[in-house]
Amino acid sequence: MTDHNSSPLPAATRRAIAAGVAVLVILTVLGTAPQPGPDAAASDGLAMTPMVPMTVESGAVGQGGETFAQLFDEMRAPEASGEGQGTVVVAAPPSIPEVEPESQPVPTGAPAPALAAVEPVTPTMTVTGLDPATASSIAAIEGVEAASVVEVGQLTLAVPGAEQTVTVAAVEPETFRPMTPGITANETAVWERIIAGDAAFNHDAGNRLSVPLGSTVQTGSSAGALRIGAYASNGIPPVADALVSTDRARQLGFTGEPVLYVAMAPGADGSAVRDAVAAAGGVVEEIEEPVEQQAFLTGSAAAEFFEPFNYIDHGDGLITIDPAWVARNIETRRLPIFTGNVTCHRQMLIQLEGALAEVEAAGLAPLIDTSDYGGCWVARHIDWRPDRPISMHGWGLAVDFNVQTNMLGAQPTMDPRIVEIFDRWGFVWGGRWSRPDGMHFELGAVLQSPTSGTPQ
């Protein structure tokens, strides 16, 4: 066991711990089914008193070669980790093949024209059963800010293990781009890849497919191949599993049912606009405004340290959290060992800094691969699945590192001395769970002031 008194922490860290922590709070996430061992709680150096367990209730750019699961168990350095409110992952442009098979058109990867920023708009209605040629006339209706035709259908993809059917929306990038969530609309790399012929999958679909970003998948014996160029939200709720350009859809022989998405101008008379749109023909259906939900940690002392937050669910594994809560609770700073900035909950940063400083003082820093940092705050559900609770990463209360050698479900290889130090600093290690997650440490206790055994 490490001799704590021979590994002094920086004075600033000791002061932060002494000033910022008062009681123990046990944190768990509903649905993770952790099975900690007898030594899972912090021990040996901190006087702590267990409180009522807390559960979660709810009312940046990587490049090719990684699978979705690897990217979103966030295998990136902190500076490019994609931590934060929205996460978009874009593959590098493909290399130009020496021979391009005639039956399987492949994007050339030629640079797309520079794209300007756009002002996102919110679709408020859809129109089906309409001649797409009338879209321009609907766009000209007073009170309509934007209109874009989307063709929605299905494609079968040959992915490892089995074929999977996905919904695909063929879009005109210029007109549909402003209708996507802001984080996607203004990530120009996503639209450059779509214009170049790639598909942009949403996060939930990417999780289900689990194929390398930047890879090419077959879409059928005659339909050709489709390159996965990005993971990004495409609507709330999602328009489809994936977006492709209408040009690429034609190359693939893909056809779908046309759906016109309509956004009203701010201050427009909603009833008058709907009546005018309906008069153009087709069936008008309103898009329900996303319902704001609330996530909170339960437990007698939880509210003292962890303020609940309101959020909008994207429906694809991502959430958008109230910016005011983010401003009050999420901080970015430099920490020992890790290169670049780390973004976490402010309470998490106190104890993460302490744990990393002790790792460094014990001479164990080389055991943490700084190029294999996985991220801390990412506003999402567990496993990027919208049917699961909010992840502790969504709270900024979990961190992943040494990802490639501690993949989810694999036998963990994390050095036990690092685990021991993180135990003492109030963290729960995912490597003890029934489905091991050896890269993962989440805040399991808010510590009391340091006592005997803790570096002074």
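In this text, all values refer to a predicted model and were calculated from it rather than measured experimentally.

A. Region of interest: the pattern of salt bridges. Scanning the model with the defined rule gives 16 salt bridges in all. Residue Arg 227 is joined to Asp 198 by a salt bridge in which the shortest nitrogen-to-oxygen separation is 2.5 Å. With Arg 227 in strand 8 (residues 225-231) and Asp 198 in the loop between helix 6 (188-196) and strand 6 (199-201), this pair connects stretches of sequence that are 29 residues apart. With respect to burial, Arg 227 and Asp 198 carry one shared label: buried. One salt bridge in this structure joins Asp 387 and Arg 385, with 2.9 Å as the shortest N-O distance. A residue is classified by how much of its surface remains accessible, and Asp 387, at 56% relative accessible area, is exposed. One salt-bridge network, held together by shared partners, links Arg 193, Asp 198 and Arg 227.

B. Molecular detail of the state of the cysteines. Going through the model one piece at a time under the given rule, you end up with one disulfide. Linked covalently through their sulfurs, Cys 344 and Cys 376 form a disulfide whose S-S length is 2.2 Å. Every disulfide takes its handedness from the sign of the S-S torsion; for Cys 344 and Cys 376 that torsion is 135°, giving right-handed. You can see Cys 344 sitting in strand 16 (residues 341-345) and its partner Cys 376 sitting in the loop between strand 17 (373-375) and helix 13 (392-395), a full 32 residues away along the chain.

C. Main features of the packing of helix 12 (residues 346-361) against helix 14 (residues 416-424). Contact geometry of helix 12 with helix 14 gives a least axis separation of 9 Å together with a crossing angle of 145°. Helix 12 and helix 14 meet at a crossing whose hand is right-handed. Along the contact surface, helix 12 presents Leu 352, Ala 355, Leu 356, Glu 358 and Val 359, while helix 14 presents Ile 421, Phe 422 and Arg 424. The residue inventory of the contact of helix 12 with helix 14, partitioned by class, reads six nonpolar, no polar and two charged.

D. Seen up close, the packing of aromatic side chains. In this structure the tally under the stated criterion is 13 aromatic pairs. Judged by centre distance (6.4 Å) and plane angle (25°), the ring pair of Trp 429 and Phe 441 falls under stacked. Of this pair, Trp 429 sits in strand 19 (residues 427-429) while Phe 441 sits in strand 20 (residues 440-443); the two residues are twelve residues apart in sequence, bridging distant segments of the chain. Note on accessibility: Trp 429 and Phe 441 belong to one class, buried.

Criteria and thresholds
Along each chain, the written sequence defines residue order, and numbers are assigned to residues from 1. Local features are withheld for residues below a pLDDT of 70 in this predicted model, meaning they are given only at 70 or higher, and side-chain atom pairs are given and counted only at 80 or more; totals for whole chains, interfaces and linings count all residues. With hydrogens and water excluded, all non-hydrogen atoms of the structure serve as input to the side-chain values. One speaks of a salt bridge when a side-chain nitrogen belonging to Lys or Arg is within 4 Å of a carboxyl oxygen belonging to Asp or Glu. Helix numbers and strand numbers start at the N terminus; a helix is a DSSP run of H or I with at least 4 residues, a strand a run of E with at least 2. Exposed residues in this analysis have more than 50% of their type's maximum accessible area, buried residues have under 20%, and partly exposed residues fall in between, with area computed by a 1.4 Å probe over protein chains only. Note on terminology: disulfide denotes any pair of cysteine sulfur atoms within 2.5 Å. Axis definition: a line fitted to C-alpha atoms, over the contacting stretch in the case of helices. Angles run 0 to 180 degrees between N-to-C directions. Left-handed describes a crossing whose near helix is turned anticlockwise from the far helix through less than a right angle; right-handed describes the clockwise counterpart. Whether two residues are in contact is decided by their heavy atoms, any of which lying within 4.5 Å being enough. Polar here means any residue outside two lists: the nonpolar Ala, Val, Leu, Ile, Met, Phe, Trp, Tyr, Cys and Pro, and the charged Asp, Glu, Lys and Arg; Gly therefore counts as polar. Paired rings are identified among Phe, Tyr and Trp, the last through its six-membered ring, by centres lying within 6.5 Å, and are further divided according to the angle between planes into stacked (under 30 degrees), edge-to-face (over 60) and tilted (the rest).

Remember, this is a structural readout, not a statement about activity or role.
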